[in-house]
Amino acid sequence: MDFELMINSLPKLLNATVITLKLLSLSLFFGLFIGFLFAVLRMNKNPIINKFAYGYSYVFRGTPLLVQIFIIYYGLGQVEYLRSTVLWVILKEPYWCAIIAFALNTGAYTSEILRSAFQTIKLGMIEAGKSLGISSKIIFYKIQIPIAIRQSLPAYGNEIILMLKGTSLASTVTLMDLTGVAKYIISTTFKPIEVFIVAGGIYLFMTFLVHNTIKYLERKFSY
Amino acid sequence: MELLAFGKTGWGDELFYATLMTLAVSVTAMLIGFFFALIFTPLKLSKNKFLNLIGNFYTTVIRGVPELLVIYLFFFGGSGTIMFVASMFGYFEYIEINAFITGSFAIGIISGAYSTEVFRGAIQSIDKGQFEASKVLGIKKHIQFYKVILPQMLRLAIPNLSNVWQITLKDTSLISVTGLVEIMRQSYIAAGSTRDPLFFYSFAAVLYLLLTYFSMKLINKLELKYSRGY
């Protein structure tokens, strides 16, 4: 066991953790919007809109995240038309390509989590609101959304952890995130076990934090 | 479409074999995972604190660390470890292990952690009365497991195992970083030589969708079979 290497690589790995956290927070932020939008579309009564939202979540949940990143990073660059638009400023950066792929992916999972949360709301609650003469818009914002958020917390916590692990794929499109730097150190020193312990430890610590924060929120919002 | 032709002109046959490779790795990894689950589920359910700790350590570490990192550990560490063991037996030549074996093993260990959780949950949700009743009837311990607990456990576990299968199938795409020619790697090669990444990666996505779709159909049938009588 090479303890010196472990201590020396710690600052480099911690530096890379900043990128991992940036990727995670931005993709979760955009993913939440996408997820909410598609959850609402899924509950739409129009069969075409409904099918479209279902198709979106089916495709993104049924294919590996790696394929999604590669399509966006390598694939979209091939479209001549895109290269001439403003979008190209974003799409030529591996950083934003990774975030787009992550956000679309976590959006698909989030939409499923939110949809099932909305569906488990007891009809009686909505009926009670109606009978009190509350408009359906306010019922949605003041009754359905708060309950759905509480219901979806445990599943969403798992999704955050899955996404945290998912950000490691950014290293496949040249980004030096925690996994990317870990791989670099491994391939230059050939000490995989030591680096795995340090990098894995950082990941585990982050998972632990997410897990406990969600537990805390669950207790806070329980009724 | 001529890009997908079989034979020397297209990539059809290469992608077909790559799909078979993905399936082979997934099935092998799933079986290795079951093997790990077989060891670690009893540990997690054990009343012994120390054994419990080992079981929890395995599932927590593997489920909390990115799959890619585990794969790098095996890819870079695998041959080193084997050479170290071999050197103790007086063999000092360079040993390279097959990418298929390292890959299936890495994915298998990950899949095993998820399977362990599924089996643990399934066993815990079997009614306590079932254990007691079979004990009262004087059924031997191992027969109790095979004839009473296992059939009920499978019924409870199959829906969740189908999730594990999906995760495992998608995780195999990560082995492409080690150079094993499965769907992702083959698409990467094809995209590089034809300069048409959009088409090949989209086609890879379609292949994965087909694999998940048809395997789900199959698993649903199994689910029906095991839920007879309920």
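For clarity, every value in this text was computed on a predicted model and none was experimentally measured.

### Some words on the overall build of chain A
Logical step 1: Per the secondary structure count, chain A includes 10 helices and 0 strands.
Logical step 2: Going from N to C terminus, chain A has its helices and strands arranged as α-α-α-α-α-α-α-α-α-α.
Logical step 3: Summarising its shape, the C-alpha atoms of chain A cover approximately 70 × 50 × 25 Å along the three principal directions.
Logical step 4: Looking at chain A as a whole, 37% of its 223 residues are labelled buried.
Logical step 5: A separation threshold of at least 6 residues defines the contact pool for chain A, and within that pool the share at least 24 residues apart is 78%.

### Some details on the interface of chain B and chain A
Logical step 1: Each partner contributes to the interface: chain B provides 27 residues, whereas chain A provides 32 residues.
Logical step 2: With 9 residues, helix α8 (residues 197-226) of chain B is the single largest residue contributor to the side of chain B that touches chain A.
Logical step 3: Partitioning the side of chain B that touches chain A into residue classes produces 19 nonpolar, 5 polar and 3 charged.

### Notes on the environment of B:T60
Residues and elements named next belong to chain B.
Logical step 1: Mapped onto the secondary structure, T60 falls in helix α2 (residues 49-64).
Logical step 2: You can call T60 partly exposed: it has 15 C-beta atoms within 10 Å.
Logical step 3: Placed 53 residues apart in sequence, T60 and A113 show a C-alpha to C-alpha distance of 8.2 Å.

### Comments concerning unusual backbone geometry
Logical step 1: Despite not being glycine, A:T174 shows a phi value in the positive range, around 70 degrees.
Logical step 2: Secondary-structure assignment places A:T174 in the loop between α8 (136-166) and α9 (178-189).
Logical step 3: Although it is not a glycine, B:R195 sits at a positive phi angle of roughly 55 degrees.
Logical step 4: Counting through the fold element by element, B:R195 comes out in the loop between α7 (183-194) and α8.
Logical step 5: The exposed category is assigned to B:R195, around which 7 C-beta atoms lie within 10 Å.

Conventions used here
Residues numbered from 1 in each chain as written. Chains lettered and ligands numbered in written order. Predicted model: local features only at pLDDT ≥ 70, side-chain atom pairs only at ≥ 80, totals over all residues. Helix = DSSP H or I, 4+ residues; strand = E, 2+ residues; numbered from the N terminus. Buried ≥ 20, exposed ≤ 12 C-beta atoms within 10 Å, placed from the backbone. Contact = placed C-beta atoms within 7 Å. Nonpolar A, V, L, I, M, F, W, Y, C, P; charged D, E, K, R; others polar.

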